[in-house]
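# Summary of structural features
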Amino acid sequence: MSNIKLIVCDIDDTLIPRGKDDISDNLKMAFKQLKEKNIKLLVATGRHYKFLQPKLFDSLTFDHIVTINGAVLNDRDGKVLSYDTISLSTLNKIVDISKANNFGLGLKFKDNIVTYVNHKKFVDTYLKNQPELLPLVIDNCQSQNYHLEHGLPCGIFIIGEDEIVKQFNGRIDDLVIAKSYPNGYDAFLYNVNKATGIEKYLELNNLSWDDCIAFGDAQNDIFMLEKARISVTFSNSLDDVKQNCTYITDLCANDGVYKALKHFEII
């Protein structure tokens, strides 16, 4: 695999087990080797830039990061280089559905995460293992007017019971609702996803999907896993994620990314 030039990685349950705040020592060693081989790293996450684990910047070398499921391309320092937003009609629909079904609704704007429905329900689940981030989530549930001054959101996160939330996938025009973890769902546009965000980076760096190996664990990763020359997921991933991948590796908590890089002799 000497012609691999780019490693694309999701964060949660891919690079870092959920609930942890740093990559493993094996991965630190692996990415040091990759840097020495001039193989670039691009992180592609559903997270907002403000919610990235601080130790990620100490442990990894990267120039850009795709955030909010491909809707935003940031540089390493957080500057927004490009972004896409959902429509006002889609925003109104998701707010109405969230109210009617008692969902917690958080909207990912390019500058902040803001709740529009059930603030406490949203933060209790979304920040379950990161209570220190609570001050970063703005409660706008009463007035629901943040978008009037700051522009439309780039992404959506829904907290709700699985059997209820999944009923709405495909029923809101142009919107994908993808399970991230139990009772937690990313919602993003079909035509704005991790793959489209990565393609902006590829164009900037004169690279193609044939130069890439991609790692992801969840439904919001499927778009990029379908495109990459080599795609890797984990033994505990959902079946629809596995079927879009070249290779299935061990759990994230068992150094699955490291083991896959060894398997393909990239390190």
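For clarity, every value in this text was computed on a predicted model and none was experimentally measured.

This next bit is on the overall build of the protein chain. Counting its secondary structure elements, the protein chain contains ten helices and 14 strands. The dimensions of the protein chain, computed from C-alpha atoms along their principal axes, are 55 × 35 × 35 Å. Out of the 267 residues belonging to the protein chain, those deemed buried represent 56%. Pairs at least 24 residues apart make up 56% of the contacts formed inside the protein chain by residues separated by at least 6 positions. Across the protein chain, the 30 positively charged side chains and the 36 negatively charged ones have centroids separated by 2 Å.

Core analysis: the biggest nonpolar cluster contains 34 residues, and Ile7, Leu15, Phe31, Ile213, Phe215, Leu261 and Ile266 have the highest contact counts within it. Listing elements by their share of this core, those giving two or more residues are β1 (6-9), α1 (25-36), β2 (40-44), α2 (54-59), β12 (212-215), β13 (230-234) and α10 (256-263). Core analysis: the second largest hydrophobic core is formed by 28 residues, Val114, Cys154, Ile172 and Leu189 among them.

Moving on: helix α4 (residues 119-126). Restricting attention to buried positions, one finds in α4 the residues His119, Phe122, Val123 and Tyr126. Projection of α4 onto a plane perpendicular to its axis shows the buried side chains occupying an angular sector of 90°, all on one side. The inward-facing, buried residues of α4 abut β6 (104-108), β7 (113-117), β8 (137-139), β9 (155-159) and β10 (175-181).

In this section: the environment of asparagine 26. Within the fold, asparagine 26 resides in helix α1. In the structure, asparagine 26 is positioned 27 residues away from glutamine 53 in sequence and 18 Å away in space, judged by C-alpha atoms. The contacts of asparagine 26, once residues within four sequence positions are left out, are Asp255 and Tyr258.

The next point concerns the packing of α1 against α10. Interaxial distance between α1 and α10 falls to 9 Å at its minimum, and their mutual angle equals 40°. Judged on the interaxial angle alone, α10 and α1 are oblique. Read as a crossing pair, α1 and α10 show a hand that is left-handed. On α10, the residues touching Asn26, Leu27, Met29, Ala30 and Leu34 of α1 are Val257, Tyr258 and Leu261. In terms of residue class, the contact of α1 with α10 is made up of seven nonpolar, one polar and no charged.

Conventions used here
Residues numbered from 1 in each chain as written. Predicted model: local features only at pLDDT ≥ 70, side-chain atom pairs only at ≥ 80, totals over all residues. Heavy atoms only, no water. Helix = DSSP H or I, 4+ residues; strand = E, 2+ residues; numbered from the N terminus. Buried < 20%, exposed > 50% of the residue type's maximum accessible area, 1.4 Å probe, protein only. Contact = heavy atoms within 4.5 Å. Lys, Arg positive; Asp, Glu negative; His and termini not counted. Charge placed at Lys NZ, Arg CZ, Asp CG, Glu CD. Core = buried A, V, L, I, M, F, W, Y, C linked by side-chain atoms within 4.5 Å. Arc of directions from axis to C-beta. Axes fitted to C-alpha atoms, helices over the stretch in contact; angles between N-to-C directions. Parallel < 35°, antiparallel > 145°, perpendicular 65-115°, else oblique. Left-handed = near helix turned anticlockwise from the far one by under 90°. Nonpolar A, V, L, I, M, F, W, Y, C, P; charged D, E, K, R; others polar.

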